Amino acid sequence: MSKSFDVVVIGAGPGGYIASIRAAQLGFSVACVEGWKNPKGEMALGGTCLNVGCIPSKALLESSENVEKIEHKFGDHGISISGLKVDLNKMQGRKETIVSKMTKGIEFLFRKNKITWLKGFGSFVSGGENYTIEVKNDESKERVTAKHVIIATGSKARHLPGIAVDNISICDNEGALAFASVPKRLGVIGAGVIGLELGSVWRRLGAEVTVLEAMPTFLAAVDESVQKEAWKVFTKEQGLNIKLGVTIDKVATKKTGVSIEYTDDKGLVQKLDCDKLIVSVGREPNTDGLGASNVGLKMTDRGLIEVDDHCATNLPNVYAIGDVVRGPMLAHKAEDEGVAVAERIAGQQPHIDFNTIPWIIYTSPEVAWVGKTEQQLRAEGVEVKVGQFPFAANGRALGQGEGGGFVKVIADARTDRILGGHIIHAHASELIQELVTAMEFRAAAEDIARIVHGHPTLSEAVREAALAVDKRTLNM
Ligand code: FAD
Ligand code: NAI
């Protein structure tokens, strides 16, 4: 007799583990299938985000930013340190400890919520009133049945044809987070989120970084004023060598590193020799081995699982969430879809507002935004009012030595409703949430302008930008 559950979740990344917890809170019997193995060969929960994504990358960003601060920022405070030493082994060890703490934390949460962890990879065997799912690992296989299935199998790095990723010389995110030494020359293909974050980590630790980007524009999804500021800081001030509008022609692994031949934006053939190469050109959905065809699960032409606005697939009682479906590939989007689907299975009517999902790039300064850019809104014919306030006029930012960047609030010219928020600053990731909350509550710029903000705080810059929408900043 196979075990049977109300809900079986396939995948324990932020989408799947959160969906499992919410379903268990709602009183369902829940099992979560996950077969991820960490470098020690142990099975681990947490998916891309906790094992090789958000969490380890932010640990290394923090460590490397501390090095950058000591080398370039502490002098202003009158602090000088001689004989600075970086122990990369220890830095990587710290990162691994954080990852382990977090992934073990999910095991604790599973026990607390009485969620069964089915160790292995899951595939659909058959459908009908209940679904049969086979769970297979290196040692064993078993079949379970489920009334409801939530697919949360996430994504994997997209690789380029002819460029074999070995995660030694040519790396995707997994290898790029685990370098044992700092490469002298680092090449990066793709100036997207991973390219900029991990390019920054290794540049701060001493690598000479060249980023090759196919698009002629830098950070195309970002508001143009933020794009310009980010370009200036990352290239001119920090020395990231970003080349736009390139075509990669040939990549060859040599005894001593990697050689890249590319055509630049003027049509000239160029050569880049580096010790390591990161390929960060986007991610693709994980649907291999899911047995989708055994139950007739529908995919889009981009290989994503097709879902409606409520994450329902074409199969009754089967949902899909996170990176494996449409929408931004972000951990918080996956998590919120997980909560919403569990609640929908319980008969509730949850709703996710995709217009208020924040984006954050954890470079230094950080780039964060919510809603639309000024260019998008103007192209749509929306009449807008724009308020901008620089951190150079914010006392807390100056005290922190972080007076660069600004907050930009975009509001509907007629109703004053906030339609977009854009921040470039060292702490933009924390500040953007005020604008997310405001947009979720359909606030007007004046609503933020009339809220008392603590002093001295960085958040006063958000308020001042809201005041600037009505041309009445107080401190500028
Ligand atoms: P995943 O986290 O990919 O998890 C899917 C899980 O499903 C995996 O554990 C996998 O083993 C498992 N699985 C797959 N197939 C099966 C199967 N057949 N049976 C059982 N299990 C299966 N997002 C942010 O919001 N903020 C960040 O700062 C951020 N930083 C990132 C940094 C990097 C370097 C990378 C690569 C990504 C980053 N992301 C970030 C993106 C974020 O990691 C993803 O959006 C998020 O992990 C998606 O969650 P998910 O649950 O959909 O899938
Ligand atoms: P990305 O989509 O952010 O950027 C990929 C870049 O590569 C783009 O600029 C694209 O134009 C470029 N590119 C594509 N093909 C190319 C080619 N052949 N030659 C040169 N350039 C090429 O993808 P990335 O950086 O791999 O990250 C994947 C996803 O992971 C992100 O989109 C995001 O969803 C998630 N992520 C989120 C983070 C965050 O929230 N802070 C951090 C890291 C990843």
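Because the structure is a prediction, the values reported are computed rather than measured. Per chain, residue numbering runs from 1 following the sequence as it is written. Chain letters start at A and ligand numbers start at 1, both assigned in the order the entries are written. Whole-chain, interface and lining totals are the exception, using all residues; otherwise, since this is a predicted model, local features are given only for residues with pLDDT of at least 70 and side-chain atom pairs are given and counted only at 80 or more. In computing side-chain properties, one takes all heavy atoms of the structure into account and sets aside hydrogens as well as water.

A.B. asks: Before we move on, can you summarise the environment of K372 with the specific residues and values?
C.D. replies: Strands are runs of DSSP state E lasting at least two residues, helices are runs of H or I lasting at least four, and both sets are numbered from the N terminus onward. If you trace the backbone, K372 turns up in the loop between β19 (366–371) and α10 (374–379). Relative accessibility under 20% of the residue-type maximum defines a buried residue, over 50% an exposed one, and the middle range a partly exposed one, all with a 1.4 Å probe and only protein chains included. Residue K372 is classed as partly exposed on the basis of its relative accessible area, which comes to 31%. Taking the C-alpha atoms as reference, K372 lies 26 Å from K243; in sequence the two are 129 residues apart. Beyond its immediate stretch of four places on either side in the chain, K372 contacts L377, E380, I410, L419, G420 and H422. Counted as a polar contact is a pair of N or O atoms within 3.5 Å, where, for protein atoms, one must be capable of donating a hydrogen and the other of accepting one, and residues adjacent in sequence contribute only when both atoms are in side chains. Within the local environment of K372, its side chain forms a polar contact with the side chain of E380, the two groups lying 3.1 Å apart. Contacts: residue pairs with any heavy atoms within 4.5 Å of one another.

A.B. asks: Account for the packing of helix α3 (residues 54–73) against helix α6 (residues 193–204), naming residues and giving values.
C.D. replies: Axis definition: a line fitted to C-alpha atoms, over the contacting stretch in the case of helices. Angles run 0 to 180 degrees between N-to-C directions. Viewed as axis vectors pointing N to C, α3 and α6 meet at an angle of 40°, and their least axial separation amounts to 8 Å. Taken together, the axes of α3 and α6 lie oblique to each other. The handedness of the crossing between α3 and α6 comes out as left-handed. On the side of α3, the interface is formed by S57, K58, L60, L61, S64, E65, V67, E68 and E71, while α6 contributes E197, L198, S200, V201, W202, R203 and R204. Here the contact of α3 with α6 is built from residues that sort into 6 nonpolar, 3 polar and 7 charged. Angle categories: roughly parallel below 35 degrees, roughly antiparallel above 145, roughly perpendicular from 65 to 115, and oblique for all the rest. We call a crossing left-handed when the near helix sits turned anticlockwise from the far one by less than a right angle, and right-handed when that turn is clockwise. When residues are sorted by character, Ala, Val, Leu, Ile, Met, Phe, Trp, Tyr, Cys and Pro go into the nonpolar class, Asp, Glu, Lys and Arg into the charged class, and all the rest, Gly among them, into the polar class.

A.B. asks: Let's hear about the pattern of salt bridges: which residues, and what values?
C.D. replies: If the charged atoms of two oppositely charged side chains come close together, the side chains can form a pair. Any Lys or Arg side-chain nitrogen located within 4 Å of an Asp or Glu carboxyl oxygen qualifies as a salt bridge. Counting across every chain of the model gives 27 salt bridges. Close ionic contact of K37 with D138 constitutes a salt bridge, the shortest N to O distance being 2.6 Å. Remark: D138 occurs in the loop between β5 (131–136) and β6 (141–151) and K37 occurs in the loop between β2 (30–34) and α2 (47–52); sequence separation between them is 101 residues. Of the charged contacts, one joins D265 and K266 as a salt bridge, the two residues approaching to 3.7 Å between their closest N and O atoms. Residues D265 and K266 agree in their burial class; the two are exposed.

A.B. asks: I'd love a proper account of the site of ligand 2, names of residues and values included.
C.D. replies: Nearness here has a simple test: a residue counts as near a molecule or strand if at least one of its heavy atoms is within 4 Å of that partner. Near ligand 2 there are 24 residues, and of these I194, E197, E213, M329 and I360 occur at the shortest range. Between a nitrogen atom of ligand 2 and a main-chain N or O atom of A214, the distance comes to 3.1 Å. Measuring from a nitrogen atom of ligand 2, one finds a backbone N or O atom of I360 at 2.7 Å. For ligand 2, the accessible surface in isolation is 830 Å², of which the surrounding protein chains cover 77%. Broken down by secondary-structure element, the contributors of at least two residues to the shell around ligand 2 are α6 and β18 (359–361). Broken down by element, the shell around ligand 2 gets its largest block of residues, 4 residues, from α6. Residues that form the shell around ligand 2 fall into these classes: 14 nonpolar, 5 polar and 5 charged. With residues, only the protein chains shown are counted as cover, and all accessible areas are computed by Shrake-Rupley using a 1.4 Å probe.

A.B. asks: Can you break down the side chain of T373 residue by residue, with the values?
C.D. replies: Structurally, T373 can be placed in the loop between β19 and α10. Once you skip the residues sitting within four places of it in the chain, T373 turns out to touch A221, V222, D223, I410 and H422.

A.B. asks: Before we move on, could you go through a nonpolar patch on the surface and cite the residues and values that matter?
C.D. replies: Any residue with relative accessible area above 30% and no salt bridge may belong to a patch, with like charges joined within 9 Å and the nonpolar Val, Leu, Ile, Met, Phe, Trp and Tyr side chains within 5 Å. Nonpolar side chains collect at one region of the surface, where I79, I81, L84 and V86 lie side by side and expose about 300 Å² of accessible area between them. Tracing the backbone through its elements, the reader meets L84 in the loop between α3 and α4 (88–112). On the accessibility criterion, L84 (33% relative accessible area) is partly exposed.

Fair warning: the whole summary comes from geometry, so function is off the table for now.
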